Amino acid sequence: MTSSPLLTDLPAFGELQALASDLKSTSIQALFEREGNRAEAFVAQAAGLRLDYSKHLLDGAARARLLELGEQAQLPRKAQALLGGAEVNNTEGRPALHSLLRASSAPGLEDKFAEVVEARAQMRHWAGRINSGEQRGFSGAAITDVVNIGIGGSDLGPRLVTDALKPFQGDINCHYVANVDPADLQDTLLDLDPATTLFIICSKSFRTEETLTNGLAARAWLINAGAEVSDLDKHFLAITSNLAAAAEFGVSGDNCLPMWDWVGGRYSVWSAVGLSCAIALGWEHFEQFLDGAAAMDAHFASAPVADNLPMLMSLLEVWYCNGFGAGNHVVLPYDQGLARLPDFLQQLTMESNGKRVAADGSALDYDTGPVLWGSAGTMGQHSFHQLLHQGTRLCPVDFILPLTTHTGMAEQHQRLVANGLAQSRALLVGRTPDEARESLLARGLDAAEAERLAPHLAMPGNRPNSVISFAAVTPHSLGALIALYEHRTFCSGQLWGINSFDQWGVELGKEIGVDIFQRMAGEARTAPLDPATEALLAQWRQYRD
Ligand SMILES: O=P(O)(O)OC[C@H]1O[C@](O)(CO)[C@@H](O)[C@@H]1O
């Protein structure tokens, strides 16, 4: 794939910056009055998801220029290139074919697709075997619990999906261990029976310190409980592209499911990395999850920029980052099952687009990926929403709003939806000092006290937010939602001219970590570390000795 032009080289960019500076002082409510059909016109739908982006600092004219920017960056052609297997990861010389993992056919990519189909059959086999009770542990008892040991992309996606789709879960309990802190593994194993527990060692590289350390501790836990080394195949599966390392760890070839270098870790939940989800949910539900993502892929491939959800969301991201200097993006799922969505999206967006050089290595002189954060509604309302409503920073928000619940408690759920809508509206309308004063007087405060407190109660409003609403959290809608953010991430990367599929920035810390660990273990080094780290090591030694 030819490298992307820089954002600043796109002809519409300069004009957009000028428009953004004009719109900074524009009232979104005034835009609603001026553009009568805004509530319908600033809406796009795909794969069962409805994106309402009417509450943004964006008028019709600015939107038209923003769409031109998307055309100038050739987002539709870039989408085709991504989906068609072009070498979008130029630093590592690979395509990024996560879409192939949910495809039902793949013209031109038959060889890779055959491997995907084969891996799906293996996943289905293991999910069926474990759910049917056929898979038995060292004592002969059926497996009841599965522990996925992995980190980053080998943890966050499967953990999110299993959590979010609890209402679809079968009898097997899936647990997730990621942190090298032994407390993570220890807490998880506390209530588990070694005889009925199966571990999935999930690591694309099979070189990740946290995963291998926890894997070895899990192995020791089984052996201590009476399992023989020859029993370990009853308790361990591996998901990896590094079969040799998995074999060295002790997982036999029959128990290994594949990963490929053409799928990035943070984009891999659709592959065998999602095996724990397929076990928890059953194969049919997992297929529906793949179908939801495939529906978003089809939309991404064919919809014009003006109607294309991932493209629109990425254009909005760039609009705020590079037009308004926003360094934040907030995601608020109004659904308890989606509480982990911000964690997942942090890796997806920040590991993908937290870059400071263009795809060709040249330094960028504009901002790229913002800091993404958030939490499940309504908890954030009693915490950081104060800053969203009255703070000094611009934090564009995505509300994620399923409209029905699986709990059977529709009346209580109505409160959740009302809260989500109220927050979105409060960010829009705010409260003027006069309204604040009036409300204080209505509460019986005297005029002087109302005057004193009014500035504290006043809220500027005009804070941009999108609402992504859909019928319910189902395997299909969740698949579509995750794929939507994947493609949005890619499009933003293309607009910024960066490679969204490598993550060199995480490597240095890993290397230094190995060096420090070896120093702690007593290995001699000629050169000392920086004085601050040496002092902390000395403090650690005091506690160890
Ligand atoms: O699946 P692996 O190879 O263990 O990697 C886990 C995670 O570590 C990272 O490489 C970052 O350290 C992520 O990109 C990846 O998802």
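Residues numbered from 1 in each chain as written. Predicted model: local features only at pLDDT ≥ 70, side-chain atom pairs only at ≥ 80, totals over all residues. Heavy atoms only, no water.

Right, let's talk about the site of the ligand for a bit. Lining the immediate surroundings of the ligand are 13 residues, of which Gly153, Ser154, Ser203, Ser205 and Thr208 lie closest. Between the ligand and Thr208 there is a distance of 2.5 Å, counted from an oxygen atom to a side-chain nitrogen or oxygen. If you map the ligand onto the pockets, it falls in the largest pocket. (Near = heavy atom within 4 Å. Polar contact = N/O pair within 3.5 Å; in protein donor to acceptor, adjacent residues only side chain to side chain. 1 Å grid on protein atoms, 1.4 Å probe; cavity = no way out; pocket = protein on both sides within 12 Å on 5 of 7 lines; lining within 4 Å. Sits in = over half its atoms within 2 Å of the grid points.)

Taken domain by domain, the chain comprises domain 1 (7-90 + 303-429 + 464-496), domain 2 (103-287) and domain 3 (505-544). Put simply, the middle of domain 1 and the middle of domain 3, counted by C-alpha atoms, are 41 Å apart. (Domains from an automatic or database assignment.)

Spatial ordering of the open sheet is given by 4-3-5-6-7, a layout of five strands whose pairing is parallel. Every interior strand has two partners, whereas the edge strands, strand 4 (173-177) and strand 7 (256-258), have only one. Mean inter-strand twist for the sheet, computed between neighbouring axes without regard to direction, equals 20°. Of the pairings in the sheet, the one linking strand 3 (residues 145-149) to strand 5 (residues 197-202) comprises five bridges and is parallel in character. Each bridged residue has a counterpart across the sheet, and for Ile149 the counterpart in strand 5 is Ile201. Packed onto the sheet, helix 6 (residues 110-131) meets strand 3, strand 5, strand 6 (236-240) and strand 7 and runs at close to 140° relative to strand 7. Across the sheet, helix 8 (residues 182-189) lies against strand 3, strand 4 and strand 5, angled at about 165° from strand 4, the strand it touches most. (Pairing = 2+ DSSP bridges. Helix = DSSP H or I, 4+ residues; strand = E, 2+ residues; numbered from the N terminus. Axes fitted to C-alpha atoms, helices over the stretch in contact; angles between N-to-C directions. Contact = heavy atoms within 4.5 Å.)

Looking now at the nonpolar core. Formed by 120 residues in total, the largest nonpolar core has its most connected members in Leu69, Trp319, Leu338, Ile468 and Leu481. Tallying contributions element by element places helix 19 (residues 475-496) first for this core, with 11 residues. Here this core spans two domains, and each of domain 1 (7-90 + 303-429 + 464-496) and domain 2 (103-287) adds at least three residues to it. Judged by nonpolar contacts, the second largest core, of 20 residues, contains Leu192, Ile201, Ala245 and Ala246. (Core = buried A, V, L, I, M, F, W, Y, C linked by side-chain atoms within 4.5 Å. Buried < 20%, exposed > 50% of the residue type's maximum accessible area, 1.4 Å probe, protein only.)

The next thing to look at is the packing of aromatic side chains. Summed over all chains, the structure comprises 15 aromatic pairs. Ring plane angle 55° and centroid distance 5.3 Å describe the contact between Phe42 and Tyr53, whose orientation is recorded as tilted. With Phe42 in the loop between helix 3 (38-41) and strand 1 (43-46) and Tyr53 in strand 2 (residues 49-55), this pair connects stretches of sequence that are 11 residues apart. Ring centres 5.8 Å apart and planes at 85° place the aromatic pair Phe199 and Trp221 in the edge-to-face group. Of this pair, Phe199 sits in strand 5 while Trp221 sits in helix 9 (residues 209-224), and the two are 22 residues apart along the sequence. Each residue in the set Phe199, Phe206, Trp221, Phe236 and Phe249 is aromatic and connected to the rest through ring pairs, giving one cluster. One residue, Arg38, lies across the ring of Phe32, its end atom 5.5 Å from the ring centre. A cation sits over an aromatic face here: Arg38 above Phe42, 4.1 Å from the ring centre. (Phe/Tyr/Trp six-rings, centres within 6.5 Å; stacked < 30°, edge-to-face > 60°. Lys NZ or Arg CZ within 6 Å of the ring centre and 35° of its normal.)

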